[in-house]
Amino acid sequence: MEKETNKVHVSVRNLVEFVLRSGDLDNRRTGGDQKDAMQAGSRLHRKIQKRMGADYHAEVSMRHEVREEEFLIVVDGRADGVITKPDGVTIDEIKCIYQDVDRLSEPVPVHLAQAYCYGYFYCFMHELDCVTIQVTYCNIETEMIRRFQEKKTREELEEWFASVVHEYVKWARFLFHNRLRRNESLQDLEFPYPYRAGQRDLTVAVYRTFCRGKRLFIQAPTGIGKTLSTVFPALRAMGEGYGEKLFYLTAKTITRSVAQESFSILRKNGLYLKSVTITAKEKLCFQEKVECNPDACPYAKGHFDRVNDAVYEIIHKEWGITRETVLEYAKRFLVCPFEFCLDISNWVDAIICDYNYVFDPNVKLRRYFSAEAPEEPYLFLIDEAHNLVSRAREMYSAALYKEEILEVKKRIKGKMPKLERHLDKCNREMLFLKRQCESYQVLEQISMLVMELMETFSVLDDFLNEYPDFSDRQAVLEFYFTVRNFLSTYERIGGRYRIYSEQQGDGRFMVKILCVDPSEDLRQCLDQGSGSVFFSATMLPIRYYKALLTGEQEDYAIYAHSPFPPENRTILIGADVSSRYTRRNRREFERIAEYIVCLAEAKIGNYLIFFPSYQYLREVRQVLEEREAKEQFELVSQSANMYEKEKEAFLQAFRQEGAKKKSLLGLCVMGGVFSEGIDLKEDSLIGTAIVGTGLPMVCSEQEILRQYFDEMMERGFDYAYQFPGMNKVLQAAGRVIRTVQDKGVILLLDDRFLQPNCQELFPREWADAKRVTLQSVKRELREFWDRVSR
């Protein structure tokens, strides 16, 4: 919707897909027969347009307004092509697909409906009596084209469009009145609590960022109230017309819960706003196995016949729509809860979701972020933004294993000889690359492999459509999506990418397209909004995150100081130990263990000890176990691939109340599940020891990152190792002080923490860090606890 007039805004694509859908939800159809292949077909799409001649006008923007009651419904989009000739006008809708175009007997109804909309708009604007509607399908691999044409009069199109709009009116009415009441509530909304130190400055910075349509990076410690301090000003900016929908993006479930609570607090203070939390399909599905087709799932059968009624009821009755709310309504209306949840997002003011729904090219919500989506002023709040660098690299990278090709060939043997031949060709290309690779090798190009994959992909599409009930269909379908992702990633490749092959330790051979610097891809997504705020308690150095998240050092930045009394914690650096590989021996493990024992004996309580690897953890644990019976501590350890119940049991040991006779030492791995996102307040945790500087293990991928950044800015080691490592250290250290009442110790066990290149990455609050040795650490610990216990 738009602020200056009473307009309800919807794109052509969203309108026709929403109103005209019916029948079953069925994922057995591959992307080729229902959806255009977006990234992989974009170049071909433009190629078709360019070769159509001077009469062909590409990407023609159109907009049509329909008055209903006291508001206007504004429908807009871009027609792929308008052909103007003396004998008439043709509206062209182009779809690039992997499916064999000869298999198409008629255009897909939604594609035809989009062309109808543009045909009517063009007739209305130019006062034409009739127009030719054309849907063009082009196979990406063969470039074979098939066109479907029909003539329509203006009256026919007008009547058809009026029927579509009539179905949409009640939804437009909801949007109109919901927006009025939301903005009225935002005018008088006040911050719900007295501002903490630095909190008001933070809210002002966020508000100004959104009003100016800029991007802001916030380094703010835990406890300042980052979530409420960003949500509140974002909503105030929305109320003044600077945003229409708020996306709260995060990587972890716990921070989604905090966001939900923030909206709930503001509602109690008068906010009229609807929000939805989007949950992963696997966590919403009612079935034991996720199979979205009418034969396997009763919620998929007839889903589209019922889902609009379910959406209409939930948006009228609920406010903060959580996973539990979605499941309740989905069960009652017998609809797929995940697809239902996505549809709800169209009608609410705020969406709480994972990063991938905005940034991942395979998962992002196309209804908002496709080329045909309406240009709305979306506001982005990106929580725990330090996680986005590694997550973005995953989103924009793709890998293919030689063994996957052979496995699929084995599964489809005897079914389709043509597909077997194409898989053989792909395998030969992989074998050629494998013979040139001893450990890993950076590749200049893989054009021959890509060409074979494109041909294979087209035949894979035919196979999946021809064998819908094939027993090994799921394995073939997974390979289909792997190849699709690989080809789509190859389409985006540029100077910020590297291609490499690797002979892995388990014997498998891989070719990977690695996104080294995701800033350009992320920025393209961010540019679809009108303002973005990145925030984290560990976003240092900010120049590193600016470089890799937006690529623009001119973006705003703010450093929020800690509201906690500095006298409530002490930071000690062990000057006589190190986790360097050259010093990983029994003597060094014993010295590390001695520091940990000193920590546990200085004050009985709960401590987390973070190690650089599981191997290092086991070595030190062995030393500690030899002393455990006679010392004042007990041990619990993190293990690889812990189940949820095991994780909860580990944390529950720290939450037990009552007097303790021994200290509890939780042994963890830095960068693991217990180094961020957990909240152990007051006596639940009174100290942490961090062994090592958190440097990632040296491996092929980290070395490729180092080489790339050495070439770009001569900071290869910093960008590949030092900065990511320090982030893990800061996250682990952040577990200790969570509230104003908390008191605790941060013990950094590596002499490299004393080096200038490490200390320049410390938060400003760490300026009072003290150097200790095994001879002095007991005294420092005793003096600290004596001081804070008075």
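Notes on the structure follow. In this text the structure is predicted, and so the values were computed from the model without any measurement.

1. Regarding the overall build of the chain
Okay, step 1: Assigned secondary structure in the chain consists of 28 helices and 25 strands.
Okay, step 2: Taken along the three principal axes of its C-alpha coordinates, the chain extends 95 × 70 × 50 Å.
Okay, step 3: Sorting the 790 residues of the chain into buried and exposed places 58% on the buried side.
Okay, step 4: Once local pairs closer than 6 in sequence are excluded, the contacts in the chain between residues at least 24 apart make up 78%.
Okay, step 5: In the form shown here, the chain has an accessible surface area of approximately 33,500 Å², with 47% of it arising from carbon and sulfur atoms.
Okay, step 6: Averaged over its 112 positive side-chain charges, the chain has a centre that lies 4 Å from the centre of its 120 negative ones.

2. Quick notes on the sheet that holds strand β15 (residues 497-503)
Okay, step 1: The four strands lie next to each other as β13-β16-β15-β14, forming an open sheet whose pairing is antiparallel. Of all the strands in the sheet, the pair left with one neighbour each is β13 (398-401) and β14 (440-443). Strand-to-strand twist in this sheet, taken as the mean axis angle between neighbours without regard to direction, amounts to 20°.
Okay, step 2: Bridge analysis of β15 against strand β16 (residues 509-515) gives seven bridges, and the strand direction is antiparallel. Considered in β16, the bridge of Gln503 is made with Phe509.

3. Points about the pairing of strand β22 (residues 663-669)
Okay, step 1: For β22, the tally of buried residues reaches seven of seven residues, placing the bulk of the element in the interior.
Okay, step 2: Here strand β20 (residues 606-611) runs beside β22; their pairing, made up of six bridges, is parallel. For Phe611, the partnering residue across the bridge sits in β22 and is Val669.
Okay, step 3: Relative to β22, strand β21 (residues 633-637) runs parallel, the two being bridged by five bridges.

4. What about the environment of Arg706?
Okay, step 1: You can see Arg706 is positioned in helix α25 (residues 700-713).
Okay, step 2: As for Arg706 and Lys743, which are separated by 37 residues in sequence, their C-alpha atoms are 39 Å apart.
Okay, step 3: Once residues lying within four places of it in the same chain are set aside, the contact partners of Arg706 are Gly716, Phe717, Ala720 and Tyr721.
Okay, step 4: Polar contacts involving the side chain of Arg706 include one to the side chain of Glu703, which spans 2.9 Å.

5. So, the side chain of Asp343
Okay, step 1: If you trace the backbone, Asp343 turns up in helix α12 (residues 337-344).
Okay, step 2: With residues up to four places along the chain from it excluded, the contact list for Asp343 reads Arg21, Val307, Val311 and Arg367.

6. Regarding the packing of aromatic side chains
Okay, step 1: All chains considered together, the criterion is met by 45 aromatic pairs.
Okay, step 2: Ring geometry for Phe457 and Tyr480: centres 4.4 Å apart, planes at 25°, overall stacked. In this pair, Phe457 is assigned in helix α18 (residues 447-466) and Tyr480 in helix α19 (residues 473-492), connecting sequence segments 23 residues apart. The exposure classification of Phe457 matches that of Tyr480, with both residues buried.
Okay, step 3: When the ring of Tyr480 is compared with that of Phe481, the centres are 5.4 Å apart and the planes differ by 80°; the resulting orientation is edge-to-face.
Okay, step 4: The buried category is assigned to Tyr480, whose relative accessible area is 0%.
Okay, step 5: The class of Phe481 is partly exposed, set by a relative accessible area of 34%.
Okay, step 6: One aromatic cluster is present, formed by Tyr544, Tyr545, Tyr708, Phe709, Tyr719 and Phe723 through successive ring pairs.
Okay, step 7: The ring of Trp319 has Lys274 sitting right over it, with the charged end atom 3.8 Å from the ring centre.

7. Things to note about the sheet that holds strand β10 (residues 320-321)
Okay, step 1: Across the sheet, which stays open at both edges, the eight strands sit in the order β10-β9-β11-β8-β12-β17-β7-β18 with parallel pairing between neighbours. Two strands lie at the open edges of the sheet, namely β10 and β18 (556-559), each paired on one side alone.
Okay, step 2: As judged from the five bridges shared by strand β12 (residues 378-382) and strand β17 (residues 529-536), these two strands associate in the parallel manner. Bridge pairing in β17 links Leu379 to Gly531.
Okay, step 3: Contacts from helix α20 (residues 519-526) reach β7 (215-219), β12 and β17 within the one sheet, and its direction differs from that of β17 by about 125°.
Okay, step 4: Of the strands in this sheet, β7, β17 and β18 touch helix α21 (residues 542-549), which is tilted by about 145° from β7.

8. As for the packing of α20 against α21
A packed helix pair is summarised by two numbers, namely the angle formed by the two axes and the spacing between the axes.
Okay, step 1: Two elements in contact, α20 and α21, have axes whose closest approach is 6 Å; the angle formed by their N-to-C orientations is 75°. The angle between α20 and α21 places the two elements in the roughly perpendicular class. For the pair α20 and α21, contact is made by Ser519, Leu522, Arg523 and Leu526 and by Ala547, Leu548 and Leu549, respectively.
Okay, step 2: Tallied by class, residues from the contact of α20 with α21 come to five nonpolar, one polar and one charged.

9. Regarding helix α1 (residues 12-20)
Okay, step 1: Taken across its nine residues, α1 has seven buried, putting it largely inside the fold.
Okay, step 2: Those residues of α1 lying buried are Val12, Arg13, Asn14, Leu15, Val16, Phe18 and Val19.

10. A look at a positive patch on the surface
Okay, step 1: On the surface, Lys418, Arg421, Lys425 and Arg428 cluster together to form a positively charged patch.
Okay, step 2: Mapping Arg421 onto the fold places it in helix α17 (residues 417-435).

11. Some details on the pattern of salt bridges
Where charged atoms from two side chains of opposite charge approach closely, those side chains can pair.
Okay, step 1: Applying the stated rule across the entire model yields 48 salt bridges.
Okay, step 2: Where Asp517 meets Arg496, a salt bridge forms, and the shortest distance between an N and an O atom there is 2.4 Å. On the criterion of sequence distance, the pair formed by Asp517 in the loop between β16 and α20 and Arg496 in the loop between α19 and β15 is long-range, its members being 21 residues apart.
Okay, step 3: Measuring nitrogen to oxygen at the nearest pair gives 3.0 Å for the salt bridge that ties Lys512 to Glu701. One end of the pair, Lys512, is in strand β16; the other, Glu701, is in helix α25, with 189 residues separating them in the sequence.
Okay, step 4: Lys512 sits in the buried class, given a relative accessible area of 17%.

Cut-offs and rules
- Residues numbered from 1 in each chain as written.
- Predicted model: local features only at pLDDT ≥ 70, side-chain atom pairs only at ≥ 80, totals over all residues.
- Heavy atoms only, no water.
- Helix = DSSP H or I, 4+ residues; strand = E, 2+ residues; numbered from the N terminus.
- Buried < 20%, exposed > 50% of the residue type's maximum accessible area, 1.4 Å probe, protein only.
- Contact = heavy atoms within 4.5 Å.
- Areas by Shrake-Rupley, 256 points an atom, 1.4 Å probe, with all protein chains shown as cover.
- Lys, Arg positive; Asp, Glu negative; His and termini not counted.
- Charge placed at Lys NZ, Arg CZ, Asp CG, Glu CD.
- Pairing = 2+ DSSP bridges.
- Axes fitted to C-alpha atoms, helices over the stretch in contact; angles between N-to-C directions.
- Polar contact = N/O pair within 3.5 Å; in protein donor to acceptor, adjacent residues only side chain to side chain.
- Phe/Tyr/Trp six-rings, centres within 6.5 Å; stacked < 30°, edge-to-face > 60°.
- Lys NZ or Arg CZ within 6 Å of the ring centre and 35° of its normal.
- Parallel < 35°, antiparallel > 145°, perpendicular 65-115°, else oblique.
- Nonpolar A, V, L, I, M, F, W, Y, C, P; charged D, E, K, R; others polar.
- Patch = residues over 30% accessible without salt bridge, like charges linked within 9 Å, V, L, I, M, F, W, Y side chains within 5 Å.
- Salt bridge = Lys/Arg side-chain N within 4 Å of Asp/Glu carboxyl O.

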